[in-house]
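For reference, the chains in residue letters:
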Amino acid sequence: MVFKRRDRRPIWRIVVDFVYPRGGWSRAAQYVNHRLRRLPDTPEKICRGIWAGVFVCFTPFFGLHFICAAIVALILRGNVLAALMATFFGNPLTFPAIGYSSISLGSWVLGVPYGAEAHLGQKFVDAGHDLWYNFKAAFTPETADWHGLGVFYEQVFLPYLIGGIVPGLLTATCIYYLSVPLITAYQQRRKKALRAKLDQLKKKASPADDTSQ
């Protein structure tokens, strides 16, 4: 295949590149920004996709952000590819702030205790282990235990879901209004550059046409 990697990356390399991409997160952000500006769609539609991707980053549906972003983009009639790329707003550098602000606000709104002594990421890992254990229990003699997942839902998942709405809306909306004029200006500048190149090609081709006549 034309686009297949010649050097297949091992699993550990894929994980390392996700946590810290080659060239750093600044270079990765520049690449995503460059790709977003070159999408063949209207600035408003691209930015609606960006809005969807950024907003989804404030939800606790880890592992499903791509699917959720695509669904929200379709509902908003935004660019789905832009939504998928905008989910990179949520990364190991931003997730601690996103998670802490979302679950803290949600716990305050719902009036539930938030155990700050336990790492938020560890809580999701433990919930994943409990979910996997209960799944295996359905096919083995072991007894399923939903108590831990019930506590996780009440003290972590639901507060995260509720608390992420306001900061998600504010952040996504701010980025939307910042992105529209930037992408509009970039597309207009790119159109002018392409038109100038086309005019130069026409000028170069016109003398040849005259001599042939």
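Computed from a predicted model, the values in this text were never measured in an experiment.

**Notes on the overall build of the protein**
At step 1: Check the secondary structure of the protein and you find 9 helices and 0 strands.
At step 2: Each helix and strand of the protein, ordered N terminal to C terminal, gives the series α-α-α-α-α-α-α-α-α.
At step 3: Here the analysis covers contacts within the protein between residues at least 6 apart in sequence; of these, 70% occur between residues at least 24 apart.
At step 4: Summing over all exposed atoms, the protein offers an accessible surface of approximately 14500 Å²; the carbon and sulfur share of this is 66%.

**Description of the packing of helix H7 (residues 120–137) against helix H8 (residues 147–163)**
When two helices pack together, you describe them by how their axes are tilted relative to each other and by the distance separating the axes.
At step 1: Running from N to C, H7 and H8 cross one another at 140°; their axes reach a closest spacing of 10 Å. Taken together, the axes of H7 and H8 are oblique relative to one another. The way H7 lies across H8 gives a crossing that is left-handed. For the pair H7 and H8, contact is made by Leu 120, Lys 123, Phe 124, Ala 127, Asp 130, Leu 131 and Asn 134 and by Gly 148, Leu 149, Phe 152, Val 156 and Tyr 160, respectively.
At step 2: The residue makeup of the contact of H7 with H8, split by class, is 8 nonpolar, 2 polar and 2 charged.

**Section: the environment of Ile 98**
At step 1: By secondary structure assignment, the location of Ile 98 is in helix H6 (residues 95–110).
At step 2: In this structure, the C-alpha to C-alpha distance between Ile 98 and Tyr 160, residues 62 residues apart in sequence, is 9.5 Å.
At step 3: With residues up to four places along the chain from it excluded, the contact list for Ile 98 reads Cys 57, Phe 58, Phe 89 and Tyr 160.

**Focus on the confidence of the model for the protein**
At step 1: Per-residue confidence for the protein gives a mean pLDDT of 78, with 75% of residues at or over 70.
At step 2: Considering each helix and strand of the protein separately, the mean pLDDT is smallest for helix H1 (residues 11–19), with a value of 46, and largest for helix H4 (residues 65–75), with 95.
At step 3: Predicted confidence for residues 1–5 stays below pLDDT 50, and this span has 0 contacts to residues more than four positions away or in other chains.
At step 4: Across residues 11–16, confidence stays below pLDDT 50; counting only partners more than four residues off in sequence or on other chains, it has 3 contacts.

**A few points about the packing of aromatic side chains**
The way to describe two aromatic rings as a pair is by their centre distance and the angle between their planes.
At step 1: Counting across every chain of the model gives 8 aromatic pairs.
At step 2: Among the aromatic residues, those joined into a cluster by ring pairs are Phe 61, Tyr 153 and Phe 157.

**Looking at the nonpolar core**
At step 1: Membership of the largest hydrophobic core comes to 25 residues, with the highest contact counts inside it found for Ile 46, Ile 50, Val 54, Leu 120, Phe 124, Phe 152 and Val 156.
At step 2: The residues contacting Val 156, other than those within four sequence positions of it, are Ile 103, Leu 120, Lys 123, Phe 124 and Val 151.
At step 3: Residues Ala 52, Val 56, Ala 69 and Ala 73 belong to the second largest nonpolar core, which totals 5 residues.

**Observations regarding H4**
Think of an α-helix as 3.6 residues a turn; residues three or four steps apart then line up on the same face.
At step 1: Within the sequence span of H4, burial applies to His 65, Ala 69, Ala 70 and Ala 73. The buried side chains of H4 occupy one side of the element, clustering within an arc of 130° when seen end-on. Seen from the buried face of H4, the exposed residues on the opposite side, beyond 90 degrees, are Leu 74 and Ile 75.
At step 2: Against the buried residues of H4 lie helix H3 (43–56), helix H5 (80–86) and H6.

**Structural notes on unusual backbone geometry**
Comment: phi is negative for the bulk of residues other than glycine, and the bulk of peptide bonds are trans.
At step 1: Of note in this structure, Arg 77 is not a glycine but carries a positive phi near 60°.
At step 2: Turning to its location among the elements, Arg 77 is positioned in the loop between H4 and H5.
At step 3: Take Arg 77: its relative accessible area is 66%, and that puts it in the exposed class.

Calculation notes
- Residues numbered from 1 in each chain as written.
- Predicted model: local features only at pLDDT ≥ 70, side-chain atom pairs only at ≥ 80, totals over all residues.
- Heavy atoms only, no water.
- Helix = DSSP H or I, 4+ residues; strand = E, 2+ residues; numbered from the N terminus.
- Contact = heavy atoms within 4.5 Å.
- Areas by Shrake-Rupley, 256 points an atom, 1.4 Å probe, with all protein chains shown as cover.
- Axes fitted to C-alpha atoms, helices over the stretch in contact; angles between N-to-C directions.
- Parallel < 35°, antiparallel > 145°, perpendicular 65-115°, else oblique.
- Left-handed = near helix turned anticlockwise from the far one by under 90°.
- Nonpolar A, V, L, I, M, F, W, Y, C, P; charged D, E, K, R; others polar.
- pLDDT = per-residue confidence, 0-100.
- Phe/Tyr/Trp six-rings, centres within 6.5 Å; stacked < 30°, edge-to-face > 60°.
- Core = buried A, V, L, I, M, F, W, Y, C linked by side-chain atoms within 4.5 Å.
- Buried < 20%, exposed > 50% of the residue type's maximum accessible area, 1.4 Å probe, protein only.
- Arc of directions from axis to C-beta.

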